[in-house]
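Summary of structural features
Listed below, chain by chain, are the residues.
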Amino acid sequence: MIIIKESKIGNINISEEIIEEDNSESINFSENIIEINTESVSVNQASKSTIKSETSEKNKEEDKKEIKDEKIKKSKSKEKKDKKKKPKYKEQNRIKVSIYPVLIIGMILILILSSTLIVITGYSNFAKELYDSYAEQGFKDASDIEDNFNTDLVFLLNIDNPTSNKKLYDMMGINKEKDYRAFVSNYKKAVTEELKKNCDNLDLYSVNIRVVSDDYKSFTSLFNVYNSSYNRKSLEFGKEYKIENKAYEQAYKKLMKKWSSKETIMEFAMEDNYKRHMTTIVPLKGEDGDILGLLSVETRMSRLTNGLKQYFIQVGIITLIIILFGIFCLSIFIRRNVVKPLIVLQDETERFANETTVGIEKIGKDISFVKEISILSESIEKMEDNTLIYILNLTHATKENLRVGTELDVANNIQRSMLPKNIYHVSDNYDIGLFASMTPAKEVGGDFYDFFMIDDKHLALIMADVSDKGVGAALFMAASKIMIKTRTNLGGSPGEIISFVDNEISKQNDMGMFVTVWIGIVNLETGHVRACNAGHDYPAISKAGGDYIIEKGAHGSPVGFLPGMPFPETEFFLEKGDRIFLYTDGLVEAKRSDSERYGTDRMLEILNQNKTVSDEELIKNIKIDVETFCEKEPQFDDMTMLSFTI
């Protein structure tokens, strides 16, 4: 920032300030220059055709509205796209591990799970087959006992009552109850011994002969013998017992109703050392085929359980061998075709990240037959080549941009030097205030101001805005400023001065650029002001310490826009203490992020709040208010202000 505070030209206090924005992004300078030159043609041509059809002020407002609507639409569209975008991966503090153990552990888990599934499936089928085989053996044992058992069950049920069994009583020639009971005792003992013998020979837990009640809720026990290796108390002969187990109740019912020829029931550990067993039940039939009772044998489960244990041992050993062999093969495969290639790629990426040079040897796509790794290898090689090319191009571009940046710095210094400084010397008869500020939107701008003494009592005030910004506008600004100042020093009215400049610019204006100008010649002795407005913003004037008012006088077309058009003049008087505030549209059109403009009303409000401060303080306060209004929104147009107090 360059600020020239109030200096005196005689009794005239003159102050000025030139502000330039620091733009470190020099790498974009060359692109901006190209855009400026190309855009300026289209903007100027479009603006020229518009003003020809309607008034310049009306069309300028319409253009601003269209630009505003378009920017709001693009902003909303961008917000929607940003909302849809989701990061693929969330930032997390994850533990980093090598891929090799991860793959091996993963393969082990897969092998274990698959082997477990196979074992369970095989066990289910094996157990079913073994169970069926064992049940069939139990049925065979029961059938063998049934074939050897020819005793009449009806007789057995009534054997303890001699009076109800007279046929046997007479047949045996027994005429004493005492002898009959001895016979019955011996008979029971003989049947029991025979059943016990079968139980021991067949290695059964027990053999039972029962008669079931009609409601299948109870049974009468006739014989109940256990294997000699078990010391268990047998059920009493002829005593009725309630059936507690529903499985037995259902099995008895099926057999008695002839729905089934055999039933098998699996039982788990009971009490004492009575272990898991299988009960096979078959019917006992009379001579007429009627079912008189049921024979059940309880078979040891040791053969079944031993067979299952043997199965698990054998399958477990085989599975373990398969898993170990699979792990060995997988580890070799993974190490050769996944881990080693990835290590090579890792080393190469680290080398390139540190050295940023071409490698001695190419990795090649044949690093692994795994498709993804092969593609990754090719992509890394391509990335390295593209990165090196990009770095080379960037180096050249940076050198070029530095050269352009240096030239822009020179242009900026030249432009600043063209703006007025305190080098004027006039009489000491006039005490005035004057301060100016120019803030370009780019490295160099298209706005300019000027103030200088034409003679001993006439002061020229100039405020101008070229139709573009950047380098092209700066060059046009320099030519315009020189012509206006040179012609003003030759004398004449503001209208004559602007007409001359318009004619000269129009002769060689292939780019179609134009400049809006407000020029006023102030008679410091009388306060008379003669002004010409060539398409520029109307000045704000404060008289006698009152509020600032926009003075809308005669208004012509911009210089260089419509060659040969007349430039009307305006005349008014200023009293001691009156002020003129000149500005470019970069002030009132400054905008914030929601596209709202600073506007003329807000400008007048801040002007009226600072009526009593100096010209320098006034402009500084306006700049602060604009920056506060715009927040972080970047400046898009040059902003120039000038305050003059007579």
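To be clear, the structure that these remarks concern was listed above.
As a starting point, this report considers the structure included with it. (Residues numbered from 1 in each chain as written. Predicted model: local features only at pLDDT ≥ 70, side-chain atom pairs only at ≥ 80, totals over all residues. Heavy atoms only, no water.)

Considerations on the overall build of the chain
- When its secondary structure is counted, the chain shows 14 helices and 18 strands.
- Evaluated residue by residue, the chain yields a buried proportion of 42% over its 646 residues.
- Total accessible area on the chain stands at roughly 36,700 Å², and carbon and sulfur atoms take up 54% of it. (Helix = DSSP H or I, 4+ residues; strand = E, 2+ residues; numbered from the N terminus. Buried < 20%, exposed > 50% of the residue type's maximum accessible area, 1.4 Å probe, protein only. Areas by Shrake-Rupley, 256 points an atom, 1.4 Å probe, with all protein chains shown as cover.)

A closer look at the pattern of salt bridges
- According to the stated counting rule, one finds 16 salt bridges in the structure shown.
- Where Lys 481 meets Asp 450, a salt bridge forms, and the shortest distance between an N and an O atom there is 3.1 Å. Of this pair, Lys 481 sits in helix 10 (residues 471-489) while Asp 450 is found in strand 10 (residues 447-453), placing the two residues 31 residues apart along the sequence.
- One network of salt bridges, in which partners are shared, links Arg 592, Asp 594, Glu 596 and Arg 602. (Salt bridge = Lys/Arg side-chain N within 4 Å of Asp/Glu carboxyl O.)

Some details on unusual backbone geometry
- Backbone geometry at Asp 203 places phi at a positive 55°, although glycine is not the residue there.
- Take Asp 203: it is sitting in the loop between helix 6 (177-201) and strand 3 (204-212).
- When its relative accessible area of 39% is taken as the criterion, Asp 203 is described as partly exposed.
- Positive phi values are uncommon outside glycine, yet Thr 356 reaches one of about 50°.
- The residue Thr 356 is located in the loop between helix 8 (302-355) and helix 9 (371-418) in this model.
- Taking the relative accessible area as the measure of exposure, Thr 356 reaches 31% and is therefore partly exposed.

Overview of the packing of helix 10 against helix 11 (residues 494-507)
- For the pair helix 10 and helix 11, interaxial distance at closest approach is 9 Å and the crossing angle is 140°. When the axis of helix 10 is compared with that of helix 11, the two are oblique. Crossing of helix 10 against helix 11: the hand is right-handed. Of helix 11, the residues touching helix 10 (which contributes Phe 476, Ser 480, Met 483, Ile 484, Arg 487 and Thr 488) are Glu 496, Ile 497, Phe 500, Val 501, Glu 504 and Ile 505.
- Here the contact of helix 10 with helix 11 is composed, by residue class, of 7 nonpolar, 2 polar and 3 charged. (Axes fitted to C-alpha atoms, helices over the stretch in contact; angles between N-to-C directions. Parallel < 35°, antiparallel > 145°, perpendicular 65-115°, else oblique. Left-handed = near helix turned anticlockwise from the far one by under 90°. Contact = heavy atoms within 4.5 Å. Nonpolar A, V, L, I, M, F, W, Y, C, P; charged D, E, K, R; others polar.)

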